[in-house]
Amino acid sequence: MKVKSFVLAGTAALLLMTGCQHIAERSSTNSANNNSGAQSTPDQFAATRAVFEKNCKRCHGETGSGGPVKLEDGTRLKVPSLRVGHALRHPDSDFVKQITKGGDGMPAFGDKLKADDIDGLIRFIRHEFQGGMTPPAEPMNSPMKNMKMKP
């Protein structure tokens with residue numbers, strides 16, 4: 001009886017170890033298959049992030065929060081947030097005008113950026129800093145509709 005119990009216990013242990021090994025092998029195979037076939041979604045704003053990094057981040061900050069900024073010439077600015085406040089109430093044409101012509105301490109970028117870059121920045125701001133919000137409607141008689149920008 002003792003031998004029979006010993007053989008039965010040994011067989012059960014062997015089956016258990018073999019079963020666990022197969023489960024572990026299947027799990028690692030599935031994991032490898034899932035990872036090898038997974039593709040990351042391309043960043044639709046990759047080029048625009050570079051434009052923001054080069055031209056906007058110094059004053060508006062990495063997160064678009066703005067705040068107090070001291071320029072190299074010693075000028076101090078209170079840069080508005082792109083995330084809250086009036087930035088949420090302005091239509092895209094106001095952003096185009098501000099970026100193109102500058103004002104209130106912001107330099108003009110109309111000669112430095114292409115129209116596509118400016119449009120990309122506005123889409124980037126709306127998506128990244130404003131939660132993908134729909135911009136306010138454009139005024140019916142907006143002078144921005146007729147404004148020409150550098151192609």
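So, here is what we can say about the structure in this document. (Residues numbered from 1 in each chain as written. Predicted model: local features only at pLDDT ≥ 70, side-chain atom pairs only at ≥ 80, totals over all residues. Heavy atoms only, no water.)

1. Some details on the overall build of the protein chain
Scanning the protein chain from terminus to terminus reveals five helices and two strands. Listing the helices and strands of the protein chain from first to last along the sequence gives α-α-α-β-β-α-α. Buried positions account for 24% of the 151 residues belonging to the protein chain. In the protein chain, the proportion of contacts linking residues at least 24 apart, taken out of those at least 6 apart, comes to 52%. Summing over all exposed atoms, the protein chain offers an accessible surface of approximately 11,100 Å²; the carbon and sulfur share of this is 57%. (Helix = DSSP H or I, 4+ residues; strand = E, 2+ residues; numbered from the N terminus. Buried < 20%, exposed > 50% of the residue type's maximum accessible area, 1.4 Å probe, protein only. Contact = heavy atoms within 4.5 Å. Areas by Shrake-Rupley, 256 points an atom, 1.4 Å probe, with all protein chains shown as cover.)

2. Topic: the environment of Pro68
Take Pro68: it is sitting in strand E1 (residues 67-70). Separated by 12 residues in the primary sequence, Pro68 and Pro80 have C-alpha atoms spaced 8.8 Å apart. Dropping the residues within four chain positions of it, Pro68 is found in contact with Leu77 and Lys78.

3. Here's the deal with the packing of helix H4 (residues 92-101) against helix H5 (residues 115-129)
The contact between H4 and H5 brings their axes to 10 Å, and the two run at 125°. The angle between H4 and H5 falls in the class oblique. By crossing handedness, the relation of H4 to H5 is classed as right-handed. Touching Asp92, Phe95, Val96, Ile99 and Thr100 of H4 are Ile118, Asp119, Ile122, Ile125 and Arg126, all from H5. Residues belonging to the contact of H4 with H5 are distributed by class as follows: six nonpolar, one polar and three charged. (Axes fitted to C-alpha atoms, helices over the stretch in contact; angles between N-to-C directions. Parallel < 35°, antiparallel > 145°, perpendicular 65-115°, else oblique. Left-handed = near helix turned anticlockwise from the far one by under 90°. Nonpolar A, V, L, I, M, F, W, Y, C, P; charged D, E, K, R; others polar.)

4. Regarding the pattern of salt bridges
In the structure shown here, the tally under the stated rule is five salt bridges. A salt bridge links Lys57 to Glu53, with the nearest nitrogen and oxygen atoms 3.2 Å apart. A salt bridge links Lys57 to Glu62, with the nearest nitrogen and oxygen atoms 3.9 Å apart. Owing to a relative accessible area of 25%, Lys57 belongs among the partly exposed residues under this scheme. Taken together, the salt bridges that share partners define one network made up of Asp43, Arg49 and Glu128. (Salt bridge = Lys/Arg side-chain N within 4 Å of Asp/Glu carboxyl O.)

5. Some remarks on the packing of aromatic side chains
One pass over the structure, following the stated rule, counts four aromatic pairs. Plain terms: the ring middles of Phe45 and Phe124 are 5.8 Å apart, the flat faces sit at 65° to each other, and that makes the pair edge-to-face. With Phe45 in the loop between helix H1 (2-37) and helix H2 (46-55) and Phe124 in helix H5, this residue pair connects regions lying 79 residues apart in the sequence. Per residue, the accessibility class of Phe45 equals that of Phe124, and both read buried. The interplanar angle of 55° and the centroid separation of 5.4 Å between the aromatic rings of Phe52 and Phe129 together place this pair among those described as tilted. Of this pair, Phe52 sits in helix H2 while Phe129 sits in helix H5, placing them 77 residues apart in sequence. (Phe/Tyr/Trp six-rings, centres within 6.5 Å; stacked < 30°, edge-to-face > 60°.)

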